[in-house]
Amino acid sequence: MADTLKREDVNPLADIDELLATEYFEYRGKMHSINMYCSDRKAPVDGGKLKYTLDSLGMIYGRSTTWPSYIRLRSNNDSINDLIQEAYSYMLMKSSLHCFHCHDEFTHNP
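## Regarding the nonpolar core
Right, on to step 1. Counting 19 residues, the largest nonpolar core has F25, I34, Y52, I60 and M91 as its most contacted members.
Right, on to step 2. Elements supplying a minimum of two residues to this core: β1 (18–27), β2 (30–38), β3 (49–54), β4 (58–64) and α1 (78–93).
Right, on to step 3. Of all the elements, α1 adds the most residues to this core, at six residues.
Right, on to step 4. The contacts of I60, once residues within four sequence positions are left out, are Y52, T53, L54, I71, R72, L73, I84, A87, Y88 and M91.

So, in structure tokens, the structure goes:
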């Protein structure tokens, strides 16, 4: 189908995206992982992105580190949307998934 893409073809990670954090949560008896990536250190000025991936779906949320824009994955499948919403809720609860400048390389945040 023309409207169906492989997971790796939808908002793939770039070579400049660095893994900053990984967290795990349980959903309906199965463990899932959320990875947080950032390209701020290697991207051009105003070109940095923050990306969150879910192990079973790929990138579910991305935003610019400079501009007020974002993308969010949605599906026409209620079960998938429920899993995505659970992942978003978990991302909000885990402080390790909040700050892309809290990595050890960024010392401005004691």
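Resuming the write-up.
## Examining the sheet that holds β2
Right, on to step 1. Strand order in this open sheet of five strands is β1-β2-β3-β4-β5, and the pairing throughout is antiparallel. Edge positions in the open sheet fall to β1 and β5 (70–72), since each of these has one partner strand only. Strand after strand, the sheet turns through a mean of 20° between neighbouring axes, direction not considered.
Right, on to step 2. The sheet strands contacting α1 are β1, β2, β3, β4 and β5, and the helix crosses β1 at an angle near 120°.

## Digging into the pairing of β2
Right, on to step 1. The element β2 is largely enclosed, with a buried count of seven among its nine residues.
Right, on to step 2. As paired strands, β1 and β2 are joined by nine bridges and run antiparallel to one another. Within β2, the residue paired with A21 across the bridge is M36.
Right, on to step 3. The hairpin formed by β1 and β2 contains two residues between the paired strands, and R28 there has a positive phi angle of roughly 50°.

What counts, and at which threshold
Residues numbered from 1 in each chain as written. Predicted model: local features only at pLDDT ≥ 70, side-chain atom pairs only at ≥ 80, totals over all residues. Heavy atoms only, no water. Core = buried A, V, L, I, M, F, W, Y, C linked by side-chain atoms within 4.5 Å. Buried < 20%, exposed > 50% of the residue type's maximum accessible area, 1.4 Å probe, protein only. Helix = DSSP H or I, 4+ residues; strand = E, 2+ residues; numbered from the N terminus. Contact = heavy atoms within 4.5 Å. Pairing = 2+ DSSP bridges. Axes fitted to C-alpha atoms, helices over the stretch in contact; angles between N-to-C directions.

Function cannot be read off these values alone, since they describe shape.
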